[in-house]
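Fold and geometry: a report
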Amino acid sequence: MSIADNIHRINAELAGTAARLCVVTKTHSVELLEEAYAAGARVFGENRPQEMAAKQPQLPPDVEWHLIGQLQTNKVKLLAPFVHTIQSVDSLKLLREINKHAAASRRVINCLLQFHIAREETKSGLSMAEAEAILADVEFSHLTHVRITGVMGVATFTPDEGQLREEFQQLRGYFERLKSAHFAESEAFCDISMGMSGDYRLAVAGGSTIVRVGSAIFGSRG
Ligand SMILES: *Cc1c(COP(=O)(O)O)cnc(C)c1O
């Protein structure tokens, strides 16, 4: 199946659900991104700031660029002029830096709070207590150039569907709690980014609004 076939198939599966497709383009050449764009993809996810910044000027301006990997504070300025959403926010320090560079670019940058939902120790992300601490911090209320638009999580790499369902349910629970405690008035707080090539159908069934799919579109990254 071609890249276009894969994108069309996944978009057809998502039609009628709450979820939209973020095509994970990391490691792939601009040529392949152009192929995805031609097939209708408009949301691209990259995990390395330098790679995203190098590709962005080579694609049409209506691409929504989402950062999905860990972001060091010294790399924020590379992305601030164009990034649509930073899905991997895991500290107040990072929000402060995004806010500063977004202000310098006269922009407001969408941010998802990344939660730790996997049982693997290695996968990063916040606990609920850490997220609450960020949102309760008086400094957070002064950050006018970041907009928290939801939550993101990476599930355990496992074929165990029961476990995956639990992890997706956990992230959805975090979303609901934050929504009612902090964002009840915010229409912008609406996204739950969960689901990858191996588990996006379960994630969509569990309430995902953004699935991040790479290898099911481009093949394995080798
Ligand atoms: C690479 C990556 C994906 C896509 O993974 P696939 O299994 O290739 O679909 C999704 N989310 C994050 C955070 C990633 O790093």
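None of these values were measured; they are calculated from a predicted model.

Rules used in this analysis
Residues numbered from 1 in each chain as written. Predicted model: local features only at pLDDT ≥ 70, side-chain atom pairs only at ≥ 80, totals over all residues. Heavy atoms only, no water. Buried < 20%, exposed > 50% of the residue type's maximum accessible area, 1.4 Å probe, protein only. Helix = DSSP H or I, 4+ residues; strand = E, 2+ residues; numbered from the N terminus. Arc of directions from axis to C-beta. Contact = heavy atoms within 4.5 Å. Axes fitted to C-alpha atoms, helices over the stretch in contact; angles between N-to-C directions. Parallel < 35°, antiparallel > 145°, perpendicular 65-115°, else oblique. Left-handed = near helix turned anticlockwise from the far one by under 90°. Nonpolar A, V, L, I, M, F, W, Y, C, P; charged D, E, K, R; others polar. Near = heavy atom within 4 Å. Polar contact = N/O pair within 3.5 Å; in protein donor to acceptor, adjacent residues only side chain to side chain.

Listed in full, the buried residues belonging to helix H6 (residues 128-136) are Met-128, Ala-131, Ile-134 and Leu-135. Each buried residue of H6 lies within a common arc of 120° when the element is viewed along its axis, so the set occupies one face. Pointing more than 90 degrees away from the buried face of H6 are the exposed residues Ala-129 and Ala-136. Buried residues along H6 sit in contact with helix H5 (92-104), strand E5 (109-115), helix H7 (138-141) and helix H8 (161-182).

The next subject is the packing of H6 against H8. Packing of H6 against H8 brings their axes to within 12 Å, and their N-to-C directions diverge by 25°. One element, H6, and the other, H8, form an angle in the roughly parallel class. The chirality of how H6 crosses H8 is right-handed. Seen from H6, the contacting residues are Met-128, Glu-132 and Leu-135; seen from H8, they are Tyr-174, Arg-177, Leu-178 and His-182. Of the residues that constitute the contact of H6 with H8, the class distribution is 4 nonpolar, 1 polar and 2 charged.

In the neighbourhood of the ligand, the contacting residues comprise Val-24, Lys-26, Ile-68, Val-154, Met-196, Ser-197, Arg-212, Val-213, Gly-214, Ser-215 and Arg-221. Between a nitrogen atom of the ligand and a side-chain N or O atom of Arg-212, the distance comes to 2.8 Å. A distance of 2.8 Å is found between an oxygen atom of the ligand and a backbone nitrogen or oxygen belonging to Ser-215. In terms of residue class, the shell around the ligand is made up of 5 nonpolar, 3 polar and 3 charged.

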